[in-house]
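Architecture and fold: a report
Next come the chains, spelled out residue by residue.
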Amino acid sequence: MAEFAVVRERIAAVRIAATPTALDAARWPADATELRLAPDEVLLLDVLDAAAPEPHAIVFPDTGWVRFVLSPAAGTRVFEGAATWPPPAHGLGQGAIAGIPAKVIVNTDCWWLVVQGVLADDFEDRLVEVLA
Amino acid sequence: MTGSGEFTFDGTAVPFDTGDHLLTALVRVGIHPTGGGTLCAEGHSPHCVAEVDGSAYVHTCQTLAREGMVVRAHPTGAPPVLPSIASPERPVAVRNIHHEVIVIGGGESGRAAAAAAGAPIVDAKDGSEAIGIYPGPMVAVRTDDGMVHAHVNRVVVATGALPLLPVCPGNDLAGLYTPMAAERLTAAGVDLGQTVRITGPPDRFEGDIRVRSVVVGGERIECDAVIVDIGTTPNEVLARMGAGLAIDTVGDAATAASPPPCPVEGTVCPCNETTMAELAEAWARGFTSMELLKRASLAGTGVCQGAVCSPYLQSFIADRTGSVEAPFTARPVARQATLSEIAAGRHHPAVPRTSLHAIHEAAGATMDRLGGWWRPWMYSDVGAEYDAVRNAVSLGDVGTLGKFIVSGPDAEAALQRLISTDVSTIRPGRSRYVLMLDERGYVLDDGMILREPEGDRFFVTVTSGGASVAEMWFRDWTAHLNVRWMNVTMALGAINVTGPRAPELLARVGFDETLPMLQHTESDIANVPCRVVRLSFTGEVSFELHHPFARSGELWHALLDAGADLGVVPHGLDALSRLRLEKGHIIVGQDSDYDSTPRRLHHDWMVNLDSGNFIGRHAVERTNRLALDKQLVGLESEGPAPFEGAVAWTPDGEYAGYVTSAAWSPTLDRSVMLAWIRLADGELPEEVWIEGESARRVALPFYDPAGTRARG
C-alpha cells in the first residue's frame, strides 16, 4: 500500500444488540473482528452471520458500514490533522474524525477507519484533504 | 523564504535584513506602524499592529519580514476592513498533539517546570505562540506551519511578566520603547538616536509626532527616544483564560504585583482611546468595579485585551477604594487570530446521503438538505412525477426514515410507555400509524409500529431526521425494562413504490402477494431481501421496501426497468409534499409546533386514553378539559398557493393564524393548505383571508376522503 493511499471497501458485518452479560460471554466466529460499540451492542466485521447470544438478541446483518484501510503512517497523520483524541495503541477506538463519527481499529500493519455508509463520501473527501 | 529584500508599507518599499521582524525594518527607516505609542517588541503592545498580506491586527514585532509582503497601516479612527468573502483565506492546517503536561513560556521558570514534568515547551521565541486555552484543556498554538492543538491533562503557564506601558499625556508619540524593544531594535542595528531611560512614571512626553522630550518629576529631558523602564506586571492572561481548568501558574506570571501609581491623565486604553477622564466619568456614573469599568469605558476590550490598561484600572480603583481588584475575566484568544486559524481543524457537520444518493445525482435530480439528509427535491418535471404517482407508479427514496428494531420480553411494555396507542392490539404482521408525545402531551414525533411474527419483536419508524432524538428518548424512558433497541436508520435503504400500478410493478419483480393495508411481510423482490410494508403517505397504493443498505441500487434499477412500460419514474420531495398535502398528512416539525397537542393537530383519534400510562397521557387528560384555542385545519382557495408561513386573517381583519403547508393541487384544481387557525368563541371561522385571497375551511383530507385509492 502506498504510504498515504486510502483504500475504501464495503464491509460484511453483523450487528448484535443483546444484554451486556450475554455479549460479554459470547464467542464470535473466529474470523470476525469484534467492535464493542456499546455495553449492549457489538459490531462484528467480516462475517455474514452470527449466533444470537441470548434469546431476545437482535442479530442484524448490516451492510451500512464502509472501511477505509490506511497505512500506520497515514493513520497517524489523519489523527494528527483531524482528530482531537489520541488513537488507541492497539485495537478499537471511537470518536469523531474530521467531524464524522468513526471507529478506528489499529492493527500492526494497517489501520482501519470504519464509518457509516451514509457519511462515507464526506469522510473520504476529508481524509484525502488531510492526507494531501 | 526569509532573506534580505523588500516589503511595502502603505505602498512604500521598505528594505529588510535577514531575520528582521517587520517592526524592526519599519523602525529602521523611521516608520511607526500605528503612528505612535510605546513599542514592546514582545507582542503585547497594541502599537505595532498592522494589516499584513490582507490580515488585520498582525503584530509586526512578531512577524518575520519576507520578500514582497504587503503591509498597511490600519485606517485612522476606524477598524480595518474585513477580508472579502470573495477571496477566502487559505485553510490553515492543524496538528493535534497529546501530552500529559505542556508548559507555556520558555523562560527560567518554564524550563524548570518542563524539566520537572518532562513536558514540552511552547515559546513564542521558538516560533510557537499559545493564543488560547480551551476546555479540555486544549492549548491552541500558532506556528509558522499552522495551528497546533495540544490536548493535555495539565497546563503550566510560565509566561513571565509584561512591561508596564506609560499612561500620561503624550504616550501616543513615536519614539517610546520598553527596555526589551530598545534592546532588540538596537541589536538589529536600528539607530534610536539619543535615548533617555526613565524608571519612574513620567509626567508627560512632549513632541509633535515623535517624542522630543520627556518630563519626569518636573524635569524636562531632551531626547530622540525614551526607554520606558517603569516596571512589570504578571503576564497571566492565559491562566485567567483557563479558569476552572487544570492550570498551574509559575514564575513571574504567578508573582503578586502591586498596581502602578494611578495616572492623573492620558490615554489609558490605547486600543479604544479611553482616557483617564473617561474612566473617572464612568466611575461617577456608578461603574465601580473592574468588570463594570471595562464595559462602561471599553478599556480592556481592544487589541491588547487589557495588557496596557488592566494594571492602571486596578490602580484607579485601588486609589478610590483602597483595595486591589482581580484583573478582568479573560477569554480566548489572547492574540489576534485569523478566521482560518480559528477554524483550523473544524469541519461543518456532514449531511448523510442515502444509499441511492449517487443514483439521484446521476439522474439529474436537484438535491437539497431536508430533514437532516441530502434528498432529491425534484428530478426534472415535478408535474410528471406527481402524475406518475396519481395515475401510474413511481418510486420514492424513503431511506431517510428513522428505523428501529425493538426486542425483548418487555418490548411491548416499552412501546406502550412511549406511544399513545394500545400496542397490545397490534397483531403480528400488522402495523399502525402512531404518535409519540412528550411529558406535556405535545407531539414529539410520529411514525409506524410494525409487530413482527415473533410477537415480542417490533420494527418502528419515525420521521426523517428524528432518529437520533427518538433513540435517546426510547432508551431514556425504557432503561429499566428488559428490552433491546437497535437503531438501523443508516443500515437500511427504503424505497416507496406508490401509485395505482404499484402492485403490477411489484408482481413483475417477484412480489405478487395480496398485502392488505397496514400489513407487512418479508419477501425477496428482484432478489433483494425486503421488508414490505403496505401503507400510504401519497394517497395511492403504496409499498415501502426496506432492504439492506448496500442493495438499494440494484433494487431501484430493477424496479425502474420492470416498470418502464408502466410509466414508472422517481419522484422527489417537491412532488411528495404536494401529494401528502392533498391527503392532509402532516409532517411533524413543519405542520406541528412545540405546543401541538394531538387535539390541536386534529389527531386526537390517535390517542387511546385506555391504553395505559403512556408518556404525556396525564397532560392530554388535563388539556382535553381546556377549551380548544387553535387547531390545524384544511383550507382551500381558488387563488395561488400562498407561501408557507403566510398569515391568515378573519373577514373582520383580525389575526386568525398562519399557513404551515400549501400547494396548488392539479387534481383538485385549487390551492390546498394546512393552517393553524384560532377559535373565536369556541368556533373555527369558516373563511379566512390569506394574501388577499379567500380560503374556505374544509374537512380533511382534500383528496380521496374515503381512502379507496390508498387501500387499492
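Computed from a predicted structure; not experimentally measured. (Residues numbered from 1 in each chain as written. Chains lettered and ligands numbered in written order. Predicted model: local features only at pLDDT ≥ 70, side-chain atom pairs only at ≥ 80, totals over all residues. Heavy atoms only, no water.)

Examining the overall build of chain B
Defined as follows: Numbering goes from the N terminus for both helices and strands, where a helix is a DSSP run of H or I of at least four residues and a strand is a run of E of at least two. The globule rule used for comparison is 2.2 Å times the number of residues to the exponent 0.38, while the radius of gyration itself is calculated over C-alpha atoms. Three exposure classes are used, based on accessible area relative to the maximum for each residue type with a 1.4 Å probe and protein chains only: buried under 20%, partly exposed in between, and exposed over 50%. Residue contacts are defined here by distance: any two heavy atoms, one from each residue, within 4.5 Å place the two residues in contact.
Of the regular secondary structure elements, chain B holds 17 helices and 40 strands. Radius of gyration (C-alpha) of chain B: 36 Å, far over the 27 Å computed for a compact globule of 712 residues. Principal axes of the C-alpha set define a box for chain B whose edges measure 105 × 60 × 50 Å. A total of 712 residues make up chain B; the buried ones form 54% of that total. Partitioning the contacts of chain B with sequence separation of at least 6, the portion at a separation of at least 24 is 64%.

Side note on the overall build of chain A
Note the threshold: Computed by Shrake-Rupley with a 1.4 Å probe, the accessible areas treat only the displayed protein chains as cover when residues are assessed.
Helix and strand counts for chain A come out as three helices and nine strands. From first element to last, N terminus to C terminus, chain A shows the α and β order β-β-α-β-β-β-β-α-β-β-β-α. Computed over its C-alpha atoms, the radius of gyration of chain A comes to 15 Å, within 12% of the 14 Å expected for a compact globule of 132 residues. Its C-alpha atoms give chain A principal-axis dimensions of roughly 50 × 25 × 25 Å. Across the 132 residues in chain A, those meeting the buried criterion constitute 52%. Counting only carbon and sulfur atoms, one obtains 55% of the accessible surface of chain A, whose full area is about 5500 Å².

Re the sheet that holds strand 35 (residues 630–637) of chain B
All names here are of chain B. Spelled out, the test is: Two strands pair under a simple rule: DSSP has to find at least two bridges between them. Whenever a helix is involved, its axis is fitted only over the stretch in contact; in every case the axis is a line through C-alpha atoms, and angles between N-to-C directions fall within 0 to 180 degrees.
Around the barrel, six strands lie side by side as 35-38-37-36-39-40; this closed barrel has antiparallel pairing. For this sheet, the mean angle separating the axes of adjacent strands, direction not counted, is 40 degrees. Bridge count for strand 39 (residues 687–690) against strand 40 (residues 693–698) is four bridges, and the pairing is antiparallel. Bridge pairing in strand 40 links Trp689 to Ser694. Lying on the sheet, helix 15 (residues 573–582) is in contact with strand 37 (655–665) and strand 38 (670–678); it crosses strand 37 at an angle near 115 degrees.

What to know about the environment of B:Asp652
All names here are of chain B. As for its position among the elements, Asp652 is in the loop between strand 36 (647–649) and strand 37. Classification of Asp652 as exposed rests on a relative accessible area of 70%. Spatially, the C-alpha atoms of Asp652 and Trp689 are 9.6 Å apart, while their sequence positions differ by 37 residues.

Re the packing of helix 5 (residues 276–284) of chain B against helix 7 (residues 310–321) of chain B
Residue and element names in this part refer to chain B. For clarity, the threshold we go by: Any angle that is under 35 degrees is reported as roughly parallel, and any over 145 degrees as roughly antiparallel; angles of 65 to 115 degrees are reported as roughly perpendicular and all others as oblique. Less than a right angle of anticlockwise turn of the near helix away from the far helix marks a crossing as left-handed, whereas a clockwise turn marks it as right-handed.
At a closest axis distance of 12 Å, the pairing of helix 5 and helix 7 adopts a crossing angle of 50 degrees. Judged on the interaxial angle alone, helix 7 and helix 5 are oblique. Helix 7 is crossed by helix 5, and the crossing has right-handed handedness. Facing helix 5, whose interface residues are Met276, Leu279, Ala280 and Trp283, helix 7 presents Leu313, Phe316, Ile317, Arg320 and Thr321.

A short note on the domain arrangement of chain A
All names here are of chain A. Threshold: An automatic or database domain assignment is the source of the domain bounds shown. Using a 1.4 Å probe, buried area is obtained as the accessible area two parts lose upon being combined, added over both of them. Any Lys or Arg side-chain nitrogen found within 4 Å of a carboxyl oxygen on Asp or Glu counts as a salt bridge. By the criterion applied in these results, polar contacts are pairs of N or O atoms within 3.5 Å in which, for protein atoms, one can donate a hydrogen and the other can accept it, and in which residues neighboring in sequence qualify only through two side-chain atoms.
Domain assignment breaks chain A into domain 1 (11–62) and domain 2 (66–131). Distance between the C-alpha centres of domain 1 and domain 2: 22 Å. Taken together, the contact between domain 1 and domain 2 spans seven residues of the former and eight residues of the latter. Taken over both partners, the interface formed by domain 1 and domain 2 buries close to 650 Å², and the fraction arising from carbon and sulfur atoms is 69%. Considering only the surface of domain 1 that becomes buried against domain 2, Ile11, Leu35 and Leu37 emerge as the three largest contributors, covering 59% of it. Across the pair Arg67 and Asp46 runs a salt bridge whose closest N-O atoms are separated by 2.8 Å. Here domain 1 and domain 2 share two residue pairs in polar contact (both at pLDDT 80 or more) between them. Considering each element in turn, the side of domain 1 that touches domain 2 owes the most residues, four residues, to strand 3 (residues 33–38).

Section: the pairing of strand 24 (residues 394–397) of chain B
All names here are of chain B. Neither face of strand 24 is open: one carries Ser394 and Gly396, the other Leu395 and Asp397, and all of them are buried. In this structure, strand 24 lies alongside strand 34 (residues 569–570), joined through two bridges in parallel fashion. Directly across from Ser394, in strand 34, lies its bridge partner Val569.

Quick word on the sheet that holds strand 30 (residues 492–498) of chain B
Residue and element names in this part refer to chain B. On the basis of which strands lie adjacent, the open sheet formed by six strands has the order 31-32-33-30-24-34 and mixed pairing. This sheet does not close on itself; its edge strands, each paired only once, are strand 31 (520–525) and strand 34. Relative to strand 30, strand 24 runs antiparallel, the two sharing four bridges. When the sheet's bridge partners are listed, Gly396 is paired in strand 30 with Asn496. Helix 14 (residues 552–562) contacts strand 24, strand 30, strand 31, strand 32 (528–535), strand 33 (542–548) and strand 34 of the sheet and is inclined by roughly 15 degrees relative to strand 30.

Let's talk about helix 12 (residues 467–478) of chain B
Stated precisely, the cut-off is as follows: Helices are assigned an expected span. That span is 1.5 Å times one less than the residue count.
Relative to the 16 Å expected for 12 residues at 1.5 Å per residue, helix 12 of chain B spans 16 Å between its end C-alpha atoms, a close match to the ideal helical length. Summarising the contacts, the buried residues of helix 12 of chain B are in contact with strand 25 (402–407), helix 11 (411–418), strand 26 (431–437), strand 27 (443–451), strand 28 (457–462) and strand 29 (484–487) of chain B.

A closer look at unusual backbone geometry
Residues and elements named next belong to chain B. Cis geometry marks the peptide bond from Gly136 to Pro137; its omega dihedral reads -5 degrees. Tracing the backbone through its elements, the reader meets Pro137 in the loop between strand 8 (128–134) and strand 9 (138–143). With an omega of 5 degrees, the peptide bond between Pro332 and Val333 qualifies as cis. Of note in the backbone geometry, Ala41 takes a positive phi value of approximately 60 degrees without being a glycine. Judged by its relative accessible area of 8%, Ala41 falls in the buried class. The phi angle at Tyr57 is positive, at roughly 60 degrees, despite the residue not being glycine. Note that Tyr57 resides in strand 4 (residues 55–59).

With respect to the interface of chain A and chain B
The following threshold applies: In this classification, Asp, Glu, Lys and Arg are treated as charged, Ala, Val, Leu, Ile, Met, Phe, Trp, Tyr, Cys and Pro as nonpolar, and every other residue, Gly included, as polar.
Taken together, the contact between chain A and chain B spans 34 residues of the former and 32 residues of the latter. Both faces considered, chain A and chain B share a buried interface measuring about 2700 Å² in area, 57% of it formed by carbon and sulfur atoms. Sorting the residues of chain A by area buried against chain B places A:His56, A:Ile58 and A:Val118 first, and these three jointly supply 25% of that buried surface. One can count four salt bridges joining chain A with chain B. The partner of B:Arg353 in a salt bridge is A:Asp122, and the shortest N-O contact between them spans 3.2 Å. Taken together, chain A and chain B are joined by 14 residue pairs in polar contact (both at pLDDT 80 or more). Breaking the side of chain A that touches chain B down by element, the ones donating at least two residues are strand 2 (13–17), strand 5 (58–62), helix 2 (72–82) and helix 3 (120–131) of chain A. The element contributing the most residues to the side of chain A that touches chain B is helix 2 of chain A, with four residues. Classifying every residue of the side of chain A that touches chain B by side-chain character gives 15 nonpolar, nine polar and 10 charged.

Here we look at the packing of aromatic side chains
This is how the line gets drawn: Pairing of aromatic side chains here covers Phe, Tyr and the six-membered ring of Trp, requires ring centres within 6.5 Å, and sorts the geometry by plane angle: under 30 degrees stacked, over 60 edge-to-face, intermediate tilted. We call a charge positioned over a ring when the NZ of a Lys or the CZ of an Arg lies within 6 Å of the ring centre and within 35 degrees of the ring normal.
Using the criterion set out here, one finds 11 aromatic pairs over all chains in the structure. Between A:Phe68 and A:Phe123, the aromatic rings sit 5.3 Å apart at their centres with planes inclined by 55 degrees, giving tilted as the arrangement. A residue pair is termed long-range when its members are at least 10 positions apart, and A:Phe68 in strand 6 (residues 65–70) and A:Phe123 in helix 3 qualify at 55 residues. With a relative accessible area of 0%, A:Phe68 lands in the buried category. One aromatic cluster is present, formed by A:Phe79, A:Trp85 and A:Trp111 through successive ring pairs. Over the ring of B:Phe543 we find B:Arg534, and its NZ or CZ is 5.3 Å from the ring centre. If you follow B:Lys630 out to its NZ or CZ, it ends over the ring of B:Trp676, 5.6 Å from the centre.

Overview of the side chain of B:Asp574
Residue and element names in this part refer to chain B. Structurally, the position occupied by Asp574 is in helix 15. On the basis of relative accessibility, which here comes to 11%, the residue Asp574 falls in the buried class. Look past the residues within four positions of Asp574 in its chain and what remains in contact with it is Trp377, Met378 and Val382.

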